[in-house]
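# Survey of secondary and tertiary structure
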Amino acid sequence: MSRAADPVPRELADLPYAAALTPHSGGLEAHAEYDTVHFDRAGFDDPDASGARFLECAFTGTSVQGGRMRRARFTGAWLKDLRMTLTDIAETRWSDTTLIGSSVAGVQAFGARLERVVFAGCKLDSVNFRDAELTGVTFTDCLLRDVDFAGATLRRTVFAGSRLTGVDFSRASLDTVDLRGSELGLIVGPSPLRGAIITSGQLAAIAPVLADSLGIVVDDD
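Residues numbered from 1 in each chain as written. Predicted model: local features only at pLDDT ≥ 70, side-chain atom pairs only at ≥ 80, totals over all residues. Heavy atoms only, no water.

## As for the environment of Tyr 17
Definition in use: Going along the chain from the N terminus, every DSSP run of H or I of four or more residues is numbered as a helix, and every run of E of two or more is numbered as a strand. Each residue is assigned to one of three classes by its accessible area relative to the maximum for its type, calculated with a 1.4 Å probe on protein chains only: buried under 20%, partly exposed between the two thresholds, exposed over 50%. In what follows, residue pairs with any heavy atoms lying within 4.5 Å of each other are defined as contacts. As used in this structure description, the phrase polar contact means that two N or O atoms lie within 3.5 Å; if the pair is within protein, one of them must be able to donate a hydrogen and the other to accept it, and residues adjacent in sequence are counted only when both atoms belong to side chains.
Along the chain, Tyr 17 turns up in the segment before strand E1 (22–23). Here Tyr 17 falls in the buried class, since its relative accessible area comes to 8%. For the pair Tyr 17 and Glu 56, spaced 39 residues apart in sequence, the C-alpha to C-alpha distance is 7.2 Å. In contact with Tyr 17, not counting residues within four places along its chain, are Thr 36, Glu 56, Cys 57, Gly 76, Ala 77 and Trp 78. A polar contact of 3.4 Å, which involves the side chain of Tyr 17, links it to the backbone oxygen of Cys 57.

## Focus on the packing of aromatic side chains
In plain terms, the rule: When two rings of Phe, Tyr or Trp (its six-membered ring) have centres within 6.5 Å they constitute a pair, described as stacked for plane angles under 30 degrees, edge-to-face for angles over 60, and tilted for the intermediate range.
Counted by the stated rule, this structure contains 15 aromatic pairs. Ring geometry for Phe 39 and Phe 59: centres 4.5 Å apart, planes at 10°, overall stacked. Placement of Phe 39 in strand E3 (residues 37–40) and of Phe 59 in strand E6 (residues 58–60) is noted, with a sequence separation of 20 residues between them. Phe 39 gets classed as buried once you look at its relative accessible area, which sits at 0%. Considering the side-chain rings of Phe 54 and Phe 74, the 4.7 Å spacing of their centres and the 10° angle between planes classify their relative orientation as stacked. Here Phe 74 lies in strand E8 (residues 73–75) and Phe 54 lies in strand E5 (residues 53–55), a separation of 20 residues in the sequence. Take Phe 74: its relative accessible area is 2%, and that puts it in the buried class. Grouped by ring-pair contacts, the aromatic residues Tyr 34, Phe 39, Phe 44, Phe 54, Phe 59, Phe 74 and Trp 94 constitute a single cluster.

## Some thoughts on the pairing of strand E11 (residues 93–100)
Under the convention used in this document: Strands pair, by our definition, only if DSSP identifies at least two bridges between them.
The buried count for E11 comes to six of eight residues, which makes it a mostly enclosed element. Two elements, E8 and E11, share three bridges in a ladder whose sense is parallel. Bridge pairing in E11 links Arg 73 to Arg 93. Bridge analysis of strand E9 (residues 78–80) against E11 gives three bridges, and the strand direction is parallel.

## A short note on helix H1 (residues 200–213)
How we decide: Given a helix with a known number of residues, its expected span is that number minus one, times 1.5 Å. The reported bend at a residue is simply the angle between two axes, fitted to the 7 residues ending at it and to the 7 residues beginning with it.
If you check H1, its first and last C-alpha atoms are 19 Å apart, about what 14 residues at 1.5 Å a residue would give, namely 20 Å. At Ile 206, H1 shows its strongest bend, of approximately 55°, with the proline Pro 208 following within four residues. On its buried face, H1 sits against strand E23 (183–187). Just downstream of H1 lies Gly 215, where phi reads positive at about 75°.

## Points about the nonpolar core
The condition is simple: Here, the term nonpolar core denotes a set of buried Ala, Val, Leu, Ile, Met, Phe, Trp, Tyr and Cys residues that are joined through side-chain atoms within 4.5 Å.
Grouped together as the largest cluster of nonpolar side chains are 58 residues, with contacts concentrated most on Phe 54, Phe 149 and Phe 169. Listing elements by their share of this core, those giving two or more residues are E3, E11, strand E13 (113–120), strand E20 (163–168), E23 and H1. The element best represented in this core is E13, accounting for three residues. In contact with Phe 54, not counting residues within four places along its chain, are Leu 28, Tyr 34, Phe 39, Phe 59, Met 69, Ala 72, Arg 73, Phe 74 and Thr 75.

## Points about the environment of Gly 185
Along the chain, the position of Gly 185 falls in strand E23. Excluding its chain neighbours within four sequence positions, the residues that come into contact with Gly 185 are Leu 164, Thr 165, Gly 166 and Val 167.

## Regarding the sheet that holds strand E17 (residues 143–145)
Strand pairs in the sheet, formed through backbone hydrogen bonds, run parallel or antiparallel to each other. Stated precisely, the cut-off is as follows: An axis is simply a line fitted to the C-alpha atoms; with a helix, the fit covers only the stretch in contact. Between two such axes, the angle follows the N-to-C directions and lies from 0 to 180 degrees.
Here eight strands make up an open sheet; going across it, the order is E4-E7-E10-E12-E14-E17-E20-E23 and the pairing parallel. Looking at the sheet topology across the chains shown, the edges are occupied by strand E4 (43–45) and E23. With direction set aside, neighbouring strand axes in the sheet form an average angle of 10°. In the sheet, strand E12 (residues 103–105) pairs with strand E14 (residues 123–125) via three bridges, with the strands oriented parallel. Across the sheet, residue Val 104 finds its bridge partner in E14, namely Leu 124.

Here it is, written out as structure tokens:
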């Protein structure tokens with residue numbers, strides 16, 4: 001598995017659909033269709049965008065506080081400096097989407113499906129990804145703290161140069177998950193990290209966690 005991440009657009013002008021973007025005004029609506037819309041420095045408090053679709057939309061400096069976006073779909077979207085707090089995004093669908101320098105905290109994302117999604121320089125704090133499906137997802141230079149992947153399925157997912165603290169992989173199904181180059185502070189289950197790729201140094205660092213998950217008592221006395 002190649003560890004090199006695909007180049008991602010870092011600026012709005014780099015987007016292939018940048019010239020087609022139209023500015024958004026007003027709030028968010030449930031089941032609405034947003035196509036090549038630019039959400040710039042918008043603030044949404046307790047929005048209801050359940051079932052909304054965002055196709056090739058850009059978000060810059062936007063904040064979402066609370067509210068519901070359950071079962072929304074993000075396709076080809078680009079989000080930079082997003083701040084999302086305590087929002088229900090359960091069962092959402094994300095594909096070919098990039099998040100840069102964004103902060104997501106206290107968010108319910110259980111049952112979400114992410115395909116070919118890039119997180120670059122993001123902070124994820126207390127995000128609930130229980131029973132989610134992540135395929136071809138990359139976390140680069142990210143901080144993940146108390147993120148819950150329990151029961152989730154991760155395929156061809158890469159954590160590069162990231163810091164994982166209190167991240168729960170118990171009952172998770174891993175298939176070619178590359179953790180090399182990241183700092184690992186994990187919670188694991190009885191089949192710890194089966195399907196993950198780590199370095200020998202990382203193995204030594206997390207050996208106590210693995211031993212505890214297997215019921216092994218280490219006693220040097």
